[in-house]
Amino acid sequence: MSEQKQTPRPTARHVVIVGAGMAGVQTAVALREQGFTGPVTLIGAEPHQPYDRPPLSKAVLLGTAEGSAFDIDFDSLGITLRLGVAVTGLRAADHEIDTEAGPVGYDTLVLATGARPLTLPGTEDVPGVHLLRTLDDAVRLGEVLARRHDVVVVGAGWIGAEFATAARAAGCAVTVVEAADRPLAGALPAEVTAPMVGWYAEHGAELRLSARVAGVEKGRVLLAEGAGNSGERAELPADAVVVGIGARPDTGWLVGSGIALDPGGAVTADDRLRASLPDVYAVGDCASFPSGRYGERLLVHHWDNALQGPRTVAADILGGAAEPYDPVPYFWSEQFGRFVQYAGHHAAADTLLWRGDPAEEAWTVLWLREEVPVAVLTVSRPRDLAQGRRLIERRTPVDPARAADPSVPLKAAVR
Ligand code: FAD
């Protein structure tokens, strides 16, 4: 990818941000916080006031929160909002984007279009099949929960587990169907997911592993031959089906624009979150970036990345970010009465160390590379998360024996 230098800009230039989710909104806010006085336009395809997504699978779904709109006064910040407007193309040579409402010129463009959930092929038009990405999705699913429907969740990932938690709390019968032989197979090793299997049963949700969906018809889900824990062909009654099988960067509209995309569709950004064409940045779920810390390109689909990345983008627009974007990634999940948090990034070769008994309510797993923590996962041990995150950030080596003792604070396990 090109390493072009973008010269400092006078602040009267027009910054156009595409995507009014967390990353787009935070970019606009960070620009103002850092002193940018030029025009800022935030364009979003959804008609709603910009809102936060994590509550969608939690409080909004359960109806304990009305919505999750950001508490930001865009008018007083001088940010022009154009909502319900989808951007359809980029003509970088003209410094223009095309929208459903006509072209918009930019001096600096920020791509923040997030991610789009994967669908289960062939089920897109089947009634009762849902995704969970938008406020509209959450409102529709809230009605499903209120009617206490029989629900089948496809995918035992983060979203599937959170939805199952909410659906059980609402009194629905819940079956979770997972093609892999364990939950969160793409994110965590088998040793760590093993204790999580029991969380489903404990909350009255049936988890079917190694179970591949062969088809969905109105009112039922068909599993592939030999699928499921019983090894028999199964058919599951389902008033509603929720598909949570992952998401991909929402960048289809950039194909052919000249912007470099990874094979998975993420905008290939550099360490200041600049895209491959001049005056274009990319941030949040739609962009990958080179991690100096972990020595590989990262694509992070979590909230904290959509909060931190915009600060680098704003600083670079205002005259060049002094520091590269090189975060310790962080996320949390609330599932089955537990607060699960993860910071860092681990590889299969890293040493896995347990702190505490996974049969208990609270425990921690630490990943070490030559005695330096590179990642930490905590289940209802927030102090371990906070201390572990700092050790990871500072690359502080620990004594593995002390770090494995849950009665020793992690910060006291340093060498
Ligand atoms: P998005 O939030 O997806 O925003 C992108 C916006 O761009 C969207 O509004 C979209 O409509 C718009 N857009 C897309 N294409 C166009 C276009 N062509 N023209 C105009 N607008 C466009 N993370 C955690 O760390 N913890 C959690 O507990 C957690 N819970 C989550 C629960 C749910 C249900 C979901 C869906 C995500 C959750 N996340 C969580 C992830 C987190 O919300 C995302 O990482 C974050 O929202 C990413 O922000 P973003 O702005 O990059 O993308």
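Nothing here was measured: the structure is a model prediction, and the numbers come from that model.

Cut-offs and rules
Residues numbered from 1 in each chain as written. Predicted model: local features only at pLDDT ≥ 70, side-chain atom pairs only at ≥ 80, totals over all residues. Heavy atoms only, no water. Domains from an automatic or database assignment. Buried area = accessible area lost by both parts, 1.4 Å probe. Salt bridge = Lys/Arg side-chain N within 4 Å of Asp/Glu carboxyl O. Polar contact = N/O pair within 3.5 Å; in protein donor to acceptor, adjacent residues only side chain to side chain. Nonpolar A, V, L, I, M, F, W, Y, C, P; charged D, E, K, R; others polar. Pairing = 2+ DSSP bridges. Helix = DSSP H or I, 4+ residues; strand = E, 2+ residues; numbered from the N terminus. Core = buried A, V, L, I, M, F, W, Y, C linked by side-chain atoms within 4.5 Å. Buried < 20%, exposed > 50% of the residue type's maximum accessible area, 1.4 Å probe, protein only. Contact = heavy atoms within 4.5 Å. Expected span 1.5 Å × (residues − 1). Near = heavy atom within 4 Å.

K.L.:
Summarise the domain arrangement of the chain; cite the residues concerned and give the values.
P.N.:
Interface extent is often summarised as the accessible area lost during association of the parts. When its domains are assigned, the chain resolves into domain 1 (15-116 + 247-319), domain 2 (129-243) and domain 3 (337-413). Domain 1 and domain 3 are separated by 32 Å when their C-alpha centres are compared. Note on domain 1 versus domain 3: buried area summed over both sides is about 560 Å², and carbon and sulfur give 42% of it. Applying the counting criterion to the domain 1 and domain 3 interface returns one salt bridge. With a closest N to O distance of 3.4 Å, Arg-389 and Asp-304 form a salt bridge. Where domain 1 touches domain 3, the interface holds six residue pairs in polar contact (both at pLDDT 80 or more). Grouping the constituent residues of the side of domain 1 that touches domain 3 by class yields two nonpolar, no polar and three charged.

K.L.:
Any details on the sheet that holds strand 18 (residues 267-268)? Residues and values, ideally.
P.N.:
One open sheet accounts for three strands, arranged 18-20-21; its pairing is mixed. Lying at the two open borders of the sheet, with one neighbouring strand each, are strand 18 and strand 21 (296-299). Taken together, the two bridges between strand 18 and strand 20 (residues 287-291) define a ladder with parallel strand orientation. In the strand pairing of strand 20, Thr-268 is matched with Ser-288.

K.L.:
Can you lay out the nonpolar core for me, pointing to particular residues and giving the numbers?
P.N.:
If you look at the biggest cluster of nonpolar residues, it comprises 90 residues, and the most contacted ones within it are Phe-163, Leu-188, Trp-367 and Leu-377. Of the residues forming this core, the biggest block, seven residues, is contributed by helix 1 (residues 22-33). Beyond its immediate chain neighbours, meaning those up to four positions away, Phe-163 contacts Leu-61, Leu-132, Leu-141, Leu-145, Val-151, Val-153 and Val-242. Core analysis: the next-biggest nonpolar cluster, separate from the first, contains 21 residues, Val-87, Tyr-106, Val-280 and Ala-287 among them.

K.L.:
Can you explain helix 6 (residues 303-317)? Please cite residues and give values.
P.N.:
With 15 residues, helix 6 extends 22 Å between its outermost C-alpha atoms, agreeing within 8% with the 21 Å of an ideal straight helix rising 1.5 Å per residue. By the criterion of burial, helix 6 is predominantly enclosed, with 11 of the 15 residues buried. Every buried residue belonging to helix 6 is among Asp-304, Asn-305, Ala-306, Leu-307, Gly-309, Pro-310, Thr-312, Val-313, Ala-314, Asp-316 and Ile-317, and all of these are buried.

K.L.:
I'd like a rundown of the site of the ligand, residues and numbers included.
P.N.:
Around the ligand sit 35 residues in total, of which Ala-23, Glu-46, Arg-53, Lys-58 and Arg-133 are the nearest. Here an oxygen atom of the ligand and a backbone polar atom of Met-22 are 3.2 Å apart. Arg-53 places a side-chain nitrogen or oxygen 2.6 Å from an oxygen atom of the ligand. For the shell around the ligand, the elements supplying multiple residues, two or more each, are helix 1, helix 4 (158-169), helix 6 and strand 22 (330-335). Residue composition of the shell around the ligand, grouped by class: 19 nonpolar, nine polar and seven charged. When residues of the shell around the ligand are assigned to domains, at least three map to each of domain 1 (15-116 + 247-319) and domain 2 (129-243).

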